Structures are given as C-alpha cells and as structure tokens.
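Now for the letters of each chain:
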Amino acid sequence: MDRSQKSEMVDWIGNVFDTNEVVLVFHNAGLTVSQVAELRSQMREAGGGVKVVKNRLAKIAVNGKSGEKIAGLFKGPTVLAYSEDPVTAPKVLTKYAKGNDKVVILGGIMGETPLDEAGVQSLASMPSREEILSSIAGMLGAPASNLASAIGAPASNIASILKTLEEREAA
C-alpha cells in the first residue's frame, strides 16, 4: 500500500465514523475469504457494510473524532461493521457470530457512546427502525378500526334481532 492508498483508506475510515450511526469492531480470528464474503453479503442485504482495516490507519482516522473513544479496540486482525440504522449492524453481526466462533465482537460506538460487547448485544435485541415504524402505524390505525366496528355494531345487532324475529314468525 503506497502513501496515497493509505491516505484514501484513512479518509474512508473517517467517513465511515462520520456517516454511520453505529460502527462495530470485531476480530477476524481465522475467517476464510468465503466466510468474510458471506458476512459482507448478509450485511449489505441488511443495509450495512463490513471492511477489514489496518489498525494503525484506523487509529489515525479516528484521531480527534468520536471514534477516538474506541481506538483501544484496534489490536489484532480488526474488521469494522457499520450501518446507518443503529440496530442493523449489531443484529447481523451477532447472528453471524452465533454460528461462527471465529468472530469475536470487541465493541463499537453508537453516535458518541462507546459500546462494549454487552452493549452490542443489547442493540441487537432491539427492534429495527422498520419494525418500530410498522408497529406505530398499526397503533395509529387500531383506534380507527375500533371506532368503525363500534359504530357498526348496533346496526348489526338490530339486524340480527330482526332476523331472529322473522324466523320465529315464519316457524
């Protein structure tokens, strides 16, 4: 890697920390190329990304930024997982880590808040932005449907009473 490539990588890592809501750091303890490609694919489908980084360049990139709080995690074979949605990257990474003991989650950062492994696990257990929005939409629609059924209920009750009376007279 020449100087210009290193400079581009430092800029790219700094941009990842600036533009994403959550950035996670994990160790790649012997993952094969196909396993890393599988994780990248899963993360990309969910709306995030995965990138193997050089520790020295990552430390330079986070210097003076909020990511500086987790600079101590950049030791060993380091990989970044990131997403704009604070729940996406933790969900995908923890799910992948459960099936692969070579992935060791070290921690990360969400906004200005550093996370340890337990923090990443708790983020992964939260519902995603889409799940929250759909539940809110369901809650907003429920009163209207309840109101419509309450308004329609007396009319249907009267109709069923009249039908019963007609059947009695016919018999």
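Further up the page is the structure itself.
Residue positions are counted from 1 within each chain, in the order its sequence is given. Predicted model: local features are reported for residues with pLDDT of at least 70 only, side-chain atom pairs are reported and counted for 80 or more only, and whole-chain, interface and lining totals are derived from all residues. The side-chain figures draw on all heavy atoms in the structure; neither hydrogens nor water molecules are used.

Enquirer: How should I be thinking about the packing of aromatic side chains in this particular structure?
Expert: Each aromatic ring pair is characterised by the separation of its centres together with the angle its planes make. Side-chain rings of Phe, Tyr and Trp, where Trp is taken by its six-membered ring, are said to pair if the distance between their centres is within 6.5 Å; with planes under 30 degrees apart they count as stacked, over 60 as edge-to-face, and otherwise as tilted. For the structure on display, the rule yields one aromatic pair. Definition used: whenever NZ (Lys) or CZ (Arg) falls within 6 Å of the ring centre and also within 35 degrees of the ring normal, the charge is taken to sit over that ring. Its end group placed over the ring of W12, K51 keeps NZ or CZ at 5.7 Å from the ring centre.

Enquirer: When you look at the nonpolar core in this model, what are you seeing that I'm missing?
Expert: Residue types Ala, Val, Leu, Ile, Met, Phe, Trp, Tyr and Cys, when buried and joined through side-chain atoms within 4.5 Å, form a set referred to as a nonpolar core. When accessible area is computed with a 1.4 Å probe and restricted to protein chains, residues below 20% of their type maximum are described as buried, those above 50% as exposed, and intermediate ones as partly exposed. Counting residues in hydrophobic clusters, the biggest one holds 20 residues, and the most contacted among them are F26 and L93. We count a stretch as a helix when DSSP gives it H or I for four or more residues in a row; a strand needs E for two or more, and each element gets its number in order from the N terminus. Per element, the largest residue contribution to this core is five residues, and it comes from helix 4 (residues 88–99). Contacts are residue-level and defined by heavy atoms, with any inter-residue pair within 4.5 Å sufficient. If sequence neighbours within four positions are ignored, F26 has contacts with L39, V50, P77, T78, V79, L80, A81, L93, V103, V104, I105 and L106. Counting 18 residues, the second-largest nonpolar core is a separate cluster that includes V25, L57, V62 and A71.

Enquirer: Quick question: what am I supposed to make of the side chain of S83 here?
Expert: You can see S83 is positioned in strand 3 (residues 78–83). We classify S83 as buried; its relative accessible area is 1%. In protein, a polar contact requires one atom able to donate a hydrogen and another able to accept it; more generally it is a pair of N or O atoms within 3.5 Å, and residues adjacent in sequence count only if both atoms are side-chain atoms. A polar contact is formed between the side chain of S83 and the backbone nitrogen of A89, at a distance of 3.2 Å. Those residues in contact with S83 that lie beyond four places of it in its chain are N20, E21, V22, G47, G48, T88 and A89.

Enquirer: What exactly am I supposed to notice about the pattern of salt bridges here?
Expert: Any carboxyl oxygen of Asp or Glu within 4 Å of a side-chain nitrogen of Lys or Arg constitutes a salt bridge here. Scanning all chains against the criterion turns up two salt bridges. A salt bridge links K65 to D18, with the nearest nitrogen and oxygen atoms 3.1 Å apart. Taken together, the residues K65 in the loop between helix 3 (55–62) and strand 3 and D18 in helix 1 (residues 3–19) connect sequence positions 47 residues apart. On the basis of relative accessibility, which here comes to 53%, the residue D18 falls in the exposed class.

Enquirer: Help me understand the environment of Q121 in this model?
Expert: Secondary-structure assignment places Q121 in helix 5 (residues 117–124). By relative accessible area, which is 32% here, Q121 ends up partly exposed. Each C-alpha atom of the pair Q121 and M9 lies 28 Å from the other, and the pair is 112 residues apart in sequence. For Q121, the residues in contact, after removing those within four places along its chain, are T94 and I105.

Enquirer: Looking at this structure, how should I read the sheet that holds strand 1 (residues 22–28)?
Expert: Paired strands, as defined in this entry, are two strands with at least two bridges between them according to DSSP. Strand order in the open sheet formed by five strands is 2-3-1-4-5, and the pairing between neighbours is antiparallel. Each edge of the open sheet is held by one strand with a lone partner, namely strand 2 (48–52) and strand 5 (113–115). Adjacent strand axes in the sheet meet at a mean angle of 20°, parallel and antiparallel pairs treated alike. Here six bridges tie strand 1 to strand 3, and the two strands are oriented antiparallel to one another. Bridge pairing links V25 to L80 in strand 3. The strands that helix 2 (residues 33–46) touches are strand 1, strand 2 and strand 3; relative to strand 2, the one it contacts most, it runs at about 150°. Lines fitted to C-alpha atoms define the axes here, with helix axes fitted over just the stretch in contact, and angles between the N-to-C directions of these axes take values from 0 to 180 degrees.

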